Amino acid sequence: MSTETGKIFDLAMDLPAVEKAHLVDQLISSLDEPDEAIDALWRKEVEDRIQAFRAGKLQSVPLSDVLAKYRK
């Protein structure tokens, strides 16, 4: 952690809990910037999966089965 980041952290630690939570939310939100290249890859993946499902190459699984698998 840089000296400047350490100073910011120390200042943030003196904030009331509500303000800390708000700051954390803003920082996390700032990391979630749109990336057209990644969005395009996800769109292609979704389209490929839909096409495979419609062609009978991919089967669906009921949500209850998926959740049951992870509850064990």
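Above: the structure in question.
Below, the structure is looked at part by part. On a predicted model such as this, the values are computed, not experimentally measured, just so you know. (Residues numbered from 1 in each chain as written. Predicted model: local features only at pLDDT ≥ 70, side-chain atom pairs only at ≥ 80, totals over all residues. Heavy atoms only, no water.)

### Quick look at the overall build of the protein chain
Piece 1. Within the protein chain, the regular secondary structure consists of four helices and zero strands.
Piece 2. Reading the protein chain from its N end, one meets helices and strands in the order α-α-α-α.
Piece 3. Relative to the 2.2 N^0.38 estimate, which gives 11 Å for 72 residues, the radius of gyration of the protein chain is 22 Å and therefore markedly larger than a compact globule would have.
Piece 4. For the protein chain, the spread of C-alpha atoms along the principal axes amounts to about 60 × 35 × 20 Å.
Piece 5. Accessible area for the protein chain stands at about 7000 Å²; split by element, carbon and sulfur atoms hold 61% of it.
Piece 6. Once the 10 positive and 14 negative side-chain charges of the protein chain are each reduced to a mean point, those two points are 14 Å apart. (Helix = DSSP H or I, 4+ residues; strand = E, 2+ residues; numbered from the N terminus. Rg over C-alpha atoms; globule rule 2.2 N^0.38 Å. Areas by Shrake-Rupley, 256 points an atom, 1.4 Å probe, with all protein chains shown as cover. Lys, Arg positive; Asp, Glu negative; His and termini not counted. Charge placed at Lys NZ, Arg CZ, Asp CG, Glu CD.)

### What to know about a nonpolar patch on the surface
Piece 1. Taken together, the side chains of Val 61, Leu 63, Val 66, Leu 67 and Tyr 70 present a nonpolar region at the surface, about 510 Å² in accessible area.
Piece 2. Here Val 66 is to be found in helix H4 (residues 63-71). (Patch = residues over 30% accessible without salt bridge, like charges linked within 9 Å, V, L, I, M, F, W, Y side chains within 5 Å. Salt bridge = Lys/Arg side-chain N within 4 Å of Asp/Glu carboxyl O.)

### Digging into the environment of Arg 71
Piece 1. Secondary-structure assignment places Arg 71 in helix H4.
Piece 2. Judged by relative accessible area, Arg 71 falls into the exposed class, the value being 66%. (Buried < 20%, exposed > 50% of the residue type's maximum accessible area, 1.4 Å probe, protein only.)

### Overview of the pattern of salt bridges
Piece 1. Throughout the structure, instances matching the rule amount to three salt bridges.
Piece 2. When the shortest N-O distance is used, the salt bridge between Lys 44 and Asp 48 registers 2.8 Å. Taken as a pair, Lys 44 and Asp 48 lie in helix H3 (residues 36-54) at a separation of four residues, close to a single helical turn.
Piece 3. Residue Glu 45 is joined to Arg 49 by a salt bridge in which the shortest nitrogen-to-oxygen separation is 2.7 Å. With Glu 45 and Arg 49 both in helix H3 and four residues apart, this pair spans about one turn of that helix.

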